[in-house]
Amino acid sequence: MLKIWGRDTSSNVQKPLWAAEELGLSYERVDVGGPFAGLDKSEFVALNPNRKIPVIDHDGFILWESNAVTRYLAGLDSTGKLWPKAAHERALADQWMDWCNSHLWPVFPIVIVGLLRTPPEKRDNAAIEKANEILESEWTVLDKHLAKTPYVAGESFSAGDIPAGVFAWRRYELPVKRTALPNLDAWYARLKERPAYQKTVMTPLS
Ligand SMILES: N[C@@H](CCC(=O)N[C@@H](CS)C(=O)NCC(=O)O)C(=O)O
């Protein structure tokens with residue numbers, strides 16, 4: 001039995017949800033975090049002492065950190081559908097997952113919280129604009145990589161596309177200034193064709 005804790009509007013929760021849907025895993029999701037709160041409850045802290053979502057319980061095995069969870073789920077499938085069998089492809093998938101945590105995640109909340117959760121009169125527009133400029137220059141790095149292969153790890157979609165794909169939905173949906181990045185556009189168009197992406201990520205932002 002797979003249980004996933006976390007509100008489905010969270011970018012980090014959408015990563016394992018998307019992976020689970022790609023693999024056709026059955027799971028139960030528990031709403032916690034954001035408007036549902038509950039992260040400070042002792043039962044939740046016992047699962048994740050960091051008080052963050054997502055967390056999973058897979059037959060009693062508890063795991064947190066969205067990328068680790070996504071990799072774990074991907075690894076459950078022995079056919080390599082999401083976790084490539086070739087070492088260099090796996091390493092590239094890993095690289096781009098870590099890239100999201102190091103380059104996108106530290107900055108994204110400034111834009112998300114600023115544009116979605118702050119009333120216009122209280123917004124720090126200069127900070128939002130600056131954060132968006134940083135993000136655009138980060139996306140340029142992925143755009144250059146995607147000039148070589150259709151997906152981050154090579155010819156096939158993999159778990160490596162999941163974190164960046166979750167943030168790409170936000171990049172294209174938010175009312176921000178976007179640089180022309182044709183390779184990123186083409187990759188994003190490919191992701192949007194995936195039913196699992198449509199179901200778990202292409203949902204209203206909040
Ligand atoms: N590095 C962690 C970050 C987890 C994180 O910050 N999650 C956010 C949601 S995206 C959270 O728990 N926020 C509190 C809330 O939603 O109430 C991961 O990737 O899992």
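For the structure, see preceding data.
One structure accompanies this document, and this report is about it.

Rules used throughout
- Residues take numbers from 1 onward in each chain, read along the sequence in its written order.
- Restriction of local features to residues with pLDDT of at least 70 applies here, the model being predicted, together with a cutoff of 80 or more for giving and counting side-chain atom pairs; totals for whole chains, interfaces and linings are based on all residues.
- Note: side-chain values were computed over all heavy atoms of the structure, leaving out hydrogens and water.
- Put simply, a salt bridge is a Lys or Arg side-chain nitrogen that is within 4 Å of an Asp or Glu carboxyl oxygen.
- Proximity is defined per residue: if any heavy atom of the residue lies within 4 Å of a molecule or strand, that residue is considered near it.
- We define a polar contact as two N or O atoms separated by no more than 3.5 Å, with the added condition that, inside protein, one atom must be a possible hydrogen donor and the other a possible acceptor, whereas residues neighbouring each other in sequence contribute only through side-chain atom pairs.
- Gly is put with the polar residues, along with every residue not named as nonpolar or charged; the nonpolar set is Ala, Val, Leu, Ile, Met, Phe, Trp, Tyr, Cys and Pro, and the charged set is Asp, Glu, Lys and Arg.
- Secondary structure elements are taken from DSSP: a helix is a run of H or I of four residues or more, a strand is a run of E of two residues or more, and numbering for both begins at the N terminus.
- Each residue is assigned to one of three classes by its accessible area relative to the maximum for its type, calculated with a 1.4 Å probe on protein chains only: buried under 20%, partly exposed between the two thresholds, exposed over 50%.
- Axis angles are defined between N-to-C directions and span 0 to 180 degrees, where every axis is a line fitted to C-alpha atoms and, for a helix, only to the segment in contact.
- In what follows, roughly perpendicular refers to angles from 65 to 115 degrees, roughly parallel to angles under 35, roughly antiparallel to angles over 145, and oblique to any angle outside these ranges.
- We call two residues in contact when some of their heavy atoms are within 4.5 Å.
- Centre distance within 6.5 Å is the pairing criterion for rings of Phe, Tyr and Trp, where only the six-membered ring of Trp is used; planes under 30 degrees apart are then read as stacked, over 60 as edge-to-face, and the remainder as tilted.
- Sitting over a ring, as applied to charges here, requires NZ of Lys or CZ of Arg to be within 6 Å of the ring centre and within 35 degrees of the ring normal.

## Comments concerning the pattern of salt bridges
Next up, step 1: In this structure the tally under the stated criterion is seven salt bridges.
Next up, step 2: We note a salt bridge from Asp 31 to Arg 29, for which the minimum N-O separation is 2.6 Å.

## Some details on the site of the ligand
Next up, step 1: Of all residues adjacent to the ligand, which total 13 residues, the nearest are Arg 7, Gly 34, Ile 53, Glu 65 and Ser 66.
Next up, step 2: Residue Glu 65 places a side-chain N or O atom 2.9 Å away from a nitrogen atom belonging to the ligand.
Next up, step 3: The side chain of Ser 66 places a nitrogen or oxygen atom 2.6 Å from an oxygen atom of the ligand.
Next up, step 4: Here the shell around the ligand is composed, by residue class, of four nonpolar, six polar and three charged.

## Some points on the environment of Lys 148
Next up, step 1: In this structure, Lys 148 sits in the loop between helix H6 (125–145) and helix H7 (161–173).
Next up, step 2: For Lys 148, a relative accessible area of 64% corresponds to the exposed category.

## Considering the packing of H6 against helix H8 (residues 182–192)
Next up, step 1: Direction vectors running N to C along H6 and H8 enclose 75 degrees, while the axes themselves pass 7 Å from each other. It follows from the interaxial angle that H6 and H8 lie roughly perpendicular. Here Trp 139, Leu 142 and Asp 143 of H6 lie close against H8, whose contacting residues are Pro 182, Asn 183, Leu 184 and Trp 187.
Next up, step 2: Residues of the contact of H6 with H8, tallied by class, amount to five nonpolar, one polar and one charged.

## Topic: the packing of aromatic side chains
Next up, step 1: As enumerated under the stated definition, the model contains nine aromatic pairs in all.
Next up, step 2: Look at Trp 18 and Phe 157: their rings are 5.5 Å apart centre to centre, the planes differ by 35 degrees, and that puts the pair in the tilted class. With Trp 18 in helix H1 (residues 11–23) and Phe 157 in the loop between H6 and H7, this pair connects stretches of sequence that are 139 residues apart. Comparing Trp 18 with Phe 157, the two get one shared label, buried.
Next up, step 3: A centroid spacing of 4.0 Å and a plane angle of 5 degrees characterise the contact between Tyr 172 and Tyr 188, whose relative ring orientation is stacked. One end of the pair, Tyr 172, is in helix H7; the other, Tyr 188, is in helix H8, and 16 residues separate them in sequence. There is no split in this pair, since Tyr 172 and Tyr 188 are both buried.
Next up, step 4: In textbook terms, an aromatic cluster arises when at least three aromatic residues are bridged by ring pairs, as seen for Trp 18, Tyr 151, Phe 157 and Tyr 197.
Next up, step 5: Its end group placed over the ring of Tyr 151, Arg 190 keeps NZ or CZ at 5.5 Å from the ring centre.

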